[in-house]
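Remarks on the overall topology
Letter by letter, the chains look like this.
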Amino acid sequence: MTHVVILVNTSQMMKMKTYYASALVDKLPPGSVFSARPANCTITAYKSGKVLFQGSQAEIEAAKWQEGAKVAPAQKKTSTVKTHRYSPPANIGTMSIVGSDEVGTGDYFGPITVVAAYVKKDQLTLLKEMGVQDSKNLKDPQIVEIAKLIKDIIPFSLLTCDNPKYNTLQAKGMSQGKMKALLHNQAIKHVLAKIEPEQPDAVLIDQFAEPGVFFNYLKGQELFKAKATYLSTKAEGIHLSVAAASILARYAFIQRFDQLSKKAGFTIPKGAGSKVDEAAARLIHEKGLNALNEFTKIHFANTEKAKKLYAKKYH
Ligand code: MN
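Model, not experiment: these values are computed from the prediction.

1. Considering the layout of surface pockets
Each pocket or cavity is described by its volume, and for the second largest pocket that value is around 310 Å³. The wall of the second largest pocket is formed by 16 residues, among which Asp101, Glu102, Lys136, Asp206 and Glu236 lie closest to the centre. Mapped by element, the contributors of at least two residues to the lining of the second largest pocket are strand E6 (97–103) and helix H8 (240–264). Per-element accounting of the lining of the second largest pocket gives the leading share, three residues, to E6.

2. Quick word on the packing of aromatic side chains
Taken as a whole, this structure holds ten aromatic pairs when the rule is applied. Between the aromatic rings of Tyr19 and Tyr20, the centroid separation amounts to 4.9 Å while the plane-to-plane angle is 90°, which identifies the pairing as edge-to-face. Chaining the aromatic ring pairs together yields one cluster made of Tyr86, Phe208, Phe214 and Phe215. Note that Lys270 overlies the ring of Phe257, its terminal NZ or CZ placed 5.0 Å from the centroid. Sitting over the ring of Tyr166, Lys297 keeps its end group 6.0 Å from the ring centre.

3. Focus on the coordination of the manganese ion
Within the first shell, the manganese ion binds the protein through Asp101 (OD) and Asp206 (OD), at distances of 2.0 to 2.2 Å. Here Asp206 lies in strand E9 (residues 202–206) and Asp101 lies in strand E6, a separation of 105 residues in the sequence. Residue Asp101 shares its accessibility class with Asp206, and that shared class is buried.

4. Notes on helix H11 (residues 302–313)
Across its twelve residues, H11 extends 16 Å between first and last C-alpha, which sits within 8% of the 16 Å expected from 1.5 Å per residue. Within the span of H11, buried status applies to Asn302, Thr303 and Ala306. Viewed along the axis of H11, the buried residues span an arc of 95°, placing them on a single side of the element. Exposed side of H11, more than 90 degrees from the buried face: Lys308 and Lys312 are the residues found there. Considering only its buried residues, H11 is in contact with helix H9 (274–287) and helix H10 (292–295).

5. Considering unusual backbone geometry
In the segment running from Glu196 into Pro197, the intervening peptide bond is cis, with an omega of 5°. Relative to the helices and strands, Pro197 resides in the loop between helix H6 (176–195) and E9. A positive phi angle, close to 55°, is found at Asn40, a residue other than glycine. For Asn40, the position within the fold is in the loop between strand E2 (32–36) and strand E3 (42–46). Assessed through its relative accessible area of 53%, Asn40 is described here as exposed. Even without glycine at this site, Lys234 takes up a positive phi of about 55°. One can find Lys234 in the loop between strand E10 (229–232) and H8.

Thresholds applied
- Residues numbered from 1 in each chain as written.
- Predicted model: local features only at pLDDT ≥ 70, side-chain atom pairs only at ≥ 80, totals over all residues.
- Heavy atoms only, no water.
- 1 Å grid on protein atoms, 1.4 Å probe; cavity = no way out; pocket = protein on both sides within 12 Å on 5 of 7 lines; lining within 4 Å.
- Points joined across faces, edges and corners; volume = space filled by probe spheres on them.
- Helix = DSSP H or I, 4+ residues; strand = E, 2+ residues; numbered from the N terminus.
- Phe/Tyr/Trp six-rings, centres within 6.5 Å; stacked < 30°, edge-to-face > 60°.
- Lys NZ or Arg CZ within 6 Å of the ring centre and 35° of its normal.
- Donors = N, O, S within 2.8 Å, 3.2 Å for Na, K, Ca; no water.
- Buried < 20%, exposed > 50% of the residue type's maximum accessible area, 1.4 Å probe, protein only.
- Expected span 1.5 Å × (residues − 1).
- Arc of directions from axis to C-beta.
- Contact = heavy atoms within 4.5 Å.

It is worth stressing that arrangement in space is one thing and function is another; only the former is reported here.
Dropping the structure here:
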């Protein structure tokens, strides 16, 4: 359905209301001043000054009022992203940003990798041309290719929490959320130190916990210092620095994963599904139960499943 939004002042809006007097409807949507239904068009005027025209006659009706009115930009859909006081401003996509993201938290095998990367606004076009985008839309070979292109042109910090370290921290009672928060904070501090005395317009973290929880994890830590700090889910799509960080983190994860496969003597699978259980059972068979500490995140449910599989399959 066609729709047009224009922006008008109050007197213009009142003129419109008078003009559509015979087509006014009684039931008003929330926040609206009036609503009218002339032939093949629904018009809704809002307190903000925006007037929405919908239907096949939308453009024709809107054209009657467009002189002297501004065409309001189409609103971005943000319905799936929760807003809070750390929500980024609408123009963040054009700023110079240190962005951070992590990889590996849902994979039974392999480490957690976290990257903070600095992308200046004048590099945005270049990075886009190099293919930097939401890594969820990219396959591993593409990620490797893009990572190789960007690793020498943007400053970044990579932190890897290998499996033995992860398992030690986890056994001491540290949650994965806290580990991630610590790693993000460290990586951001490193990259900020690297680019000194230059400062980004802001830091943008791909959000994995509510802001209150995130900052609570970092209590007692020396926090990174920035002009502004934003947390958002789906941040890879909000600024290319987070997309780049995600690609670099994934690249490091893939490399580490390949090393682990070599060490295992067979290809270990990603994720935490049944293939993973089978691979872990094979690993127990070939290297012993203790090997899991070096290869896996032991506290995942996969460990018990693998032990059962091992008992069934290899005994
Ligand atoms: Mn993320």
